[in-house]
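In case you want the letters, here they are:
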Amino acid sequence: MNVGITGIAYALPAREVPTAELQRRVAVASGLMLPPRMFEQATGIRRRRIAADDEYASDLAIDAATKVLAETGRDPLDIDLLLFASATRDMAEPATAHVVQAALGSRAHALDVTNACNSFLNGIDLARSMILAGRATRALVVTGETPTRAMRPKVDGLAQARSAFAGYTFGDAGAAVLIEQVATGGIVDIDSDTHSEHWAAGGIFGGGSRHPRGDEHTYFTGDGHRLRRIFETIGAGLIERVARRTGYGWDDYTKVLVHQVTLPYLDRFVQVTGVPRKSSR
């Protein structure tokens, strides 16, 4: 059986904020004098979409899901597995998948998949696996990401600025993919590595039993240099493993999509992996 993506859609908040404006707000709130275009030059990001105050992760997911169902001619009741796969969600409980399902009017087996930046890919992997196992026929994997709400509005000192900086690369968006059996092609290969000893390298540590309350732990913190060192240690090996298994070389790919925080990180990825610079995005 071949399983693949048969439909895809996205949703973007209407509000667009230039990076220069974001830097100005942070600088004013923090009482700092920052070099012009510092955020933009360090990240390569000129602007980003930010959800409105009354716009939630589920809203972005519902928008994208409604589009993909319309574009593929599917009824919500055609879906028998619905996964909300995101690093952000509406609330701790219940699963945001139920908010999405109630709005769509579907009756699928619904649950959340949460694993930081890997969430959406993990959701696609899980949906494919359940179809291959005969547990589902047609899956809708949706995401609504609102990480800008975890950006620190101001920083108190250089150390906090460093730990918060990756958060200033965030933007908000939603997406949805329909996954089902296909006659040919489909998802050719999936692989991943898990090195859980590095769990503290970055995250939003509030909302659970460790830090159930308090704003301090609801902001993103991370060590960008440590995250890059982790990738340099383990990332290339995974890519080489996929190449050996599939027999594909870089010339076989039209695009190589890279999850990266800054342009220097992307440049380092190209150096470590050998990916042609013109093909990486």
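Use the structure listed above.
Residues numbered from 1 in each chain as written. Predicted model: local features only at pLDDT ≥ 70, side-chain atom pairs only at ≥ 80, totals over all residues. Heavy atoms only, no water.

Caption draft 1: Local environment of the side chain of Glu180. With respect to the secondary-structure elements, Glu180 resides in strand β7 (residues 173-182). Glu180 gets classed as buried once you look at its relative accessible area, which sits at 8%. Among the polar contacts made by the side chain of Glu180, one reaches the side chain of Thr6 at a distance of 2.6 Å. Looking at Glu180, its side chain comes within polar contact range of the side chain of Arg74, at 3.2 Å. Here Glu180 is in contact with Asn2, Val3, Gly4, Thr6, Arg74, Ile131, Thr137 and Arg138, once residues within four sequence places are set aside. (Helix = DSSP H or I, 4+ residues; strand = E, 2+ residues; numbered from the N terminus. Buried < 20%, exposed > 50% of the residue type's maximum accessible area, 1.4 Å probe, protein only. Polar contact = N/O pair within 3.5 Å; in protein donor to acceptor, adjacent residues only side chain to side chain. Contact = heavy atoms within 4.5 Å.)

Caption draft 2: The arrangement of helix α8 (residues 263-273) in detail. Residues of α8 that are buried include every one of Tyr265, Leu266, Phe269, Val270 and Thr273, and no others. Down the axis of α8, the smallest arc covering the buried residues is 145°, so these residues share one side. Residues of α8 that are buried make contact with α7 (224-246). Two residues or fewer after α8 comes Gly274, characterised by a positive phi angle close to 80°. (Arc of directions from axis to C-beta.)

Caption draft 3: Seen up close, the packing of α7 against α8. Axis separation between α7 and α8 bottoms out at 10 Å; the angle between their running directions is 35°. When the axes of α7 and α8 are compared, the crossing they make is right-handed. Residue-level contacts link Leu227, Arg228, Phe231, Glu232, Ala236 and Ile239 of α7 to Pro264, Tyr265, Arg268, Phe269, Val272 and Thr273 of α8. In terms of residue class, the contact of α7 with α8 is built from eight nonpolar, one polar and three charged. (Axes fitted to C-alpha atoms, helices over the stretch in contact; angles between N-to-C directions. Left-handed = near helix turned anticlockwise from the far one by under 90°. Nonpolar A, V, L, I, M, F, W, Y, C, P; charged D, E, K, R; others polar.)

Caption draft 4: Representation of the environment of Ala64 in the model. Looking at the secondary structure, you find Ala64 in helix α3 (residues 57-72). Separated by 51 residues in the primary sequence, Ala64 and Pro13 have C-alpha atoms spaced 11 Å apart. In this structure, Ala64 is in contact with Ala9, Tyr10, Ala11, Gly174, Ala175 and Ala176, ignoring residues within four places of it in sequence.

Caption draft 5: Broad picture of the layout of surface pockets. Counted as a void, the second largest pocket has a volume near 300 Å³. Considering the residues around the second largest pocket, the lining is formed by 16 residues, among which Leu22, Arg25, Ile50, Thr148 and Met151 are closest to the centre. In terms of residue class, the lining of the second largest pocket is made up of nine nonpolar, one polar and six charged. (1 Å grid on protein atoms, 1.4 Å probe; cavity = no way out; pocket = protein on both sides within 12 Å on 5 of 7 lines; lining within 4 Å. Points joined across faces, edges and corners; volume = space filled by probe spheres on them.)

Caption draft 6: Main features of the packing of aromatic side chains. All chains considered together, the criterion is met by nine aromatic pairs. Seen from their ring centres, Phe39 and Tyr168 are 5.0 Å apart, and the 20° between their planes marks the pair as stacked. Taken as a pair, Phe39 in helix α2 (residues 38-43) and Tyr168 in the loop between α6 (158-164) and β7 lie far apart in primary sequence, 129 residues in all. For Phe39, a relative accessible area of 4% translates into the label buried. Looking at Tyr168, the relative accessible area reads 3%, which means it is buried. Centroid distance Tyr248 to Tyr253: 6.0 Å. Interplanar angle 85°. Geometry classified as edge-to-face. (Phe/Tyr/Trp six-rings, centres within 6.5 Å; stacked < 30°, edge-to-face > 60°.)

Caption draft 7: How the structure looks around the nonpolar core. Counting residues in hydrophobic clusters, the biggest one holds 21 residues, and the most contacted among them are Leu82, Phe84, Val100, Leu104, Leu140, Val142 and Ala176. For this core, the element with the highest residue contribution is α3, accounting for seven residues. The contacts of Val100, once residues within four sequence positions are left out, are Ser58, Ala61, Ile62, Leu82, Phe84 and Val142. With 15 residues, the next largest nonpolar core counts Val3, Ala127, Ile179 and Ile187 among its residues. (Core = buried A, V, L, I, M, F, W, Y, C linked by side-chain atoms within 4.5 Å.)

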